[in-house]
Amino acid sequence: MSRSLRAVLFAGGASQRMGSDKALLRHSNGDPWLVASVKLLRSVGLEVWVLSGHASHRDCLAGQSGVTVQAEPWAPAGPLQAFSCVLSEREDEAWLTLPVDMPGLRRSTLQSLLRHWRQAESQALVAEGDDRLQPLFGVYPCGAHNRCALDQELAQGRGRWFGWLERIPYSTFLCPERDLINVNRPDDLAALMR
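Quick caveat, the model's predicted, so the values are computed rather than measured. (Residues numbered from 1 in each chain as written. Predicted model: local features only at pLDDT ≥ 70, side-chain atom pairs only at ≥ 80, totals over all residues. Heavy atoms only, no water.)

Peer 1: Explain the overall build of the protein chain to me, using residue names and the numbers behind them.
Peer 2: Scanning the protein chain for helices and strands turns up 7 helices and 7 strands. In the protein chain, the order of α-helices and β-strands from amino to carboxyl end is β-α-β-α-β-α-β-α-β-β-α-α-β-α. In the protein chain, which comprises 194 residues, the proportion classed as buried is 49%. Contacts in the protein chain between residues far apart in sequence, at least 24 positions, make up 71% of those at least 6 positions apart. (Helix = DSSP H or I, 4+ residues; strand = E, 2+ residues; numbered from the N terminus. Buried < 20%, exposed > 50% of the residue type's maximum accessible area, 1.4 Å probe, protein only. Contact = heavy atoms within 4.5 Å.)

Written out as structure tokens, the structure reads:
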């Protein structure tokens, strides 16, 4: 059975460390990071769900085909809590996850990760670079086991993505480090621009 695959883009954070909304920063292609990320995901044929409660994000993506902006039903509480809005118990579905603040990701890396995951669709596939995981860039199968593990992690009050990973089967996919640069602070952005 081949699982249907959609993408979820995490864009609902408060961007406190950056001091301004990261999703609206300008990508090297001229688009806001939010739009650039959506275009990248759509370029590989994925329907995209943007998890964000920011009205400006809904406005920015208005009229984009294949894109749903879903507000989280609570104040931003982290990506795992946000992901709980879409992860189902269906065994025939999966989600590619991506944070909006990874502007260096290239289409070729995304395509390689997807090809690799299709070889073992029942297991999560997590991006890795320089011996560290980048768990917000990965593919996560739906299903009763993964959903239950997510609920348990949240119920224990931790809500840590790594805590969830300890509960589910996954493998890793080595990516070029430049694709995985995660921009959280102004100095991260300055380093990216060099």
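The rest of the description comes next.
Peer 1: Give a detailed account of the packing of aromatic side chains, specifying residues and quantitative values.
Peer 2: One pass over the structure, following the stated rule, counts 9 aromatic pairs. Both rings, one in F10 and one in W161, keep their centres 5.7 Å apart while their planes meet at 80°; by these two values the pair is edge-to-face. Here F10 is found in strand β1 (residues 4-10), whereas its partner W161 is found in helix α6 (residues 161-165), with 151 residues between them in sequence. Owing to a relative accessible area of 9%, F10 belongs among the buried residues under this scheme. The exposure class assigned to W161 is buried, which follows from its relative accessible area of 6%. By the ring-pair criterion, three or more aromatic residues cluster together here, those being F10, F83, Y140, W161 and W164. (Phe/Tyr/Trp six-rings, centres within 6.5 Å; stacked < 30°, edge-to-face > 60°.)

Peer 1: Provide a residue-level description of the side chain of T97, including the pertinent values.
Peer 2: One can find T97 in strand β4 (residues 93-99). Owing to a relative accessible area of 0%, T97 belongs among the buried residues under this scheme. Not counting residues within four places of it along the chain, the set of residues in contact with T97 comprises V8, F10, F83, P135, L136, F137, G138, Y140 and W161.

Peer 1: I'd love a proper account of the nonpolar core, names of residues and values included.
Peer 2: Ranked by size, the top nonpolar core spans 35 residues in total, and within it L9, L41, V50, L96, L113 and F137 carry the most contacts. Listing elements by their share of this core, those giving two or more residues are β1, α1 (33-43), β2 (48-51), β3 (67-70), β4, α4 (107-118), β5 (124-129) and β6 (132-141). Per-element accounting of this core gives the leading share, 6 residues, to α1. With residues near it in sequence (within four places) discarded, L113 still touches L96, L125, A127, F137, V139 and F173. In this structure, F10, A149, W161 and L165 belong to the second largest nonpolar core, which totals 23 residues. (Core = buried A, V, L, I, M, F, W, Y, C linked by side-chain atoms within 4.5 Å.)

Peer 1: Describe the pairing of β1, listing the residues and the values that go with them.
Peer 2: Burial runs high along β1: 5 of the 7 residues are buried. Pairing geometry for β1 and β4, over 7 bridges, is parallel. Residue pairing across strands places R6 opposite W95, the latter belonging to β4. In this structure, β1 lies alongside β2, joined through 4 bridges in parallel fashion. Directly across from A7, in β2, lies its bridge partner V48. (Pairing = 2+ DSSP bridges.)

Peer 1: Go over the pattern of salt bridges, please, and point to the residues and values.
Peer 2: Opposite charge on two side chains lets them pair, provided their charged atoms get close. Per the stated rule, a full pass over the model turns up 11 salt bridges. The closest approach of N and O atoms between R6 and E93, which form a salt bridge, is 3.7 Å. Remark: E93 occurs in strand β4 and R6 occurs in strand β1; sequence separation between them is 87 residues. Between E93 and R90 there is a salt bridge, and its shortest N-O distance comes to 3.5 Å. Residue classification places R90 among the partly exposed positions, given a relative accessible area of 45%. Three or more residues are tied together by salt bridges with common partners; here these are R6, R90, D92 and E93. (Salt bridge = Lys/Arg side-chain N within 4 Å of Asp/Glu carboxyl O.)

Peer 1: Give a description of helix α5 (residues 144-155) that names residues and reports values.
Peer 2: The terminal C-alpha atoms of α5, which comprises 12 residues, lie 16 Å apart, in line with the 16 Å expected from a rise of 1.5 Å per residue. Residues of α5 that are buried include every one of N146, R147, A149, L150, E153 and L154, and no others. Down the axis of α5, the buried side of the element spans an arc of 160°, and every buried residue falls inside it. Where α5 is buried, its residues meet α3 (79-83), β6 and α6. In the stretch just after α5, G157 is the one whose phi turns positive, near 80°. (Expected span 1.5 Å × (residues − 1). Arc of directions from axis to C-beta.)

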